[in-house]
Amino acid sequence: MIRFILLQNRQGKTRLAKYYVPLEESEKHKVEYEVHRLVVNRDAKFTNFVEFRTHKVIYRRYAGLFFSVCVDITDNELAYLECIHLFVEILDHFFSNVCELDLVFNFHKVYLILDEFILAGELQETSKRAIIERMSELEKLE
């Protein structure tokens, strides 16, 4: 199960945070700080999986953004690495060459995209085409 998803820039500014387990606001800030310290200083020659408390953080860096997913220790790391890549591909398609400013000014759409394929901390849809079609339908309604 996914515990939380974080999108952070190199400076540690959180651009998106989605929690699937209840945490206090102060604990959320502490987690964001710790995860950023954990992934930003990690050498590129190491794997993109790192133990974090009693869970695992799977992360990937795209340009200046770190996409981090915290999951249970028994979950498949490669599946979540592909989940991150799928999310980035969908963002790239939806915003045509996504950048950090797209995430800042269209955060509601980013959360909508995330909710289309992750529900209650579990992957629900893995088809890029299906997600993009659903997003197109939602765009027509606006």
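Before any of the text, the structure's been laid out above.
Please read all numbers here as calculations on a predicted model, not as lab measurements.

### Thoughts on the overall build of the protein
Moving on, step 1. Looking only at helices and strands, one finds 5 helices and 7 strands in the protein.
Moving on, step 2. Along the protein, helices and strands appear, N-terminal first, in the series β-β-α-β-β-β-α-α-α-β-β-α.
Moving on, step 3. Radius of gyration (C-alpha) of the protein: 15 Å, near the 14 Å computed for a compact globule of 142 residues.
Moving on, step 4. If you line up the protein on its principal axes, its C-alpha atoms span 45 × 35 × 30 Å.
Moving on, step 5. When burial is assessed residue by residue, the protein has 42% of its 142 residues classed as buried.
Moving on, step 6. Taking the contacts inside the protein whose residues are at least 6 apart along the sequence as the reference set, 47% of them involve residues at least 24 apart.

### Here's the deal with the packing of helix 2 (residues 77-95) against helix 5 (residues 128-141)
Moving on, step 1. Where helix 2 contacts helix 5, the two axes come as close as 11 Å, and the packing angle between them is 40°. Taken together, the axes of helix 2 and helix 5 are oblique relative to one another. As for how helix 2 packs across helix 5, the hand of that crossing is right-handed. When helix 2 is examined against helix 5, the residues Leu86, Glu89, Ile90, His93 and Phe94 are found in contact with a partner set consisting of Lys128, Ile131, Ile132, Met135 and Glu139.

### Quick word on the sheet that holds strand 1 (residues 2-9)
Moving on, step 1. Strand order across the open sheet formed by 5 strands is 2-1-5-4-3, with antiparallel pairing between neighbours. Of all strands in the sheet, those bounded by a partner on one side alone are strand 2 (14-19) and strand 3 (49-52). When strand polarity is set aside, the average angle formed by the axes of neighbouring strands in this sheet is 20°.
Moving on, step 2. Sheet topology note: the strand 1/strand 5 (residues 65-72) ladder contains 7 bridges and is antiparallel. In the sheet register, Asn9 faces strand 5, and the bridge partner there is Leu65.
Moving on, step 3. Those strands touched by helix 2 are strand 1, strand 3, strand 4 (55-62) and strand 5, and its axis lies near 35° from that of strand 4.
Moving on, step 4. Sitting on the sheet, helix 4 (residues 107-117) touches strand 1 and strand 2, and the angle it makes with strand 2 is about 35°.

Conventions adopted
- Residues numbered from 1 in each chain as written.
- Predicted model: local features only at pLDDT ≥ 70, side-chain atom pairs only at ≥ 80, totals over all residues.
- Heavy atoms only, no water.
- Helix = DSSP H or I, 4+ residues; strand = E, 2+ residues; numbered from the N terminus.
- Rg over C-alpha atoms; globule rule 2.2 N^0.38 Å.
- Buried < 20%, exposed > 50% of the residue type's maximum accessible area, 1.4 Å probe, protein only.
- Contact = heavy atoms within 4.5 Å.
- Axes fitted to C-alpha atoms, helices over the stretch in contact; angles between N-to-C directions.
- Parallel < 35°, antiparallel > 145°, perpendicular 65-115°, else oblique.
- Left-handed = near helix turned anticlockwise from the far one by under 90°.
- Pairing = 2+ DSSP bridges.

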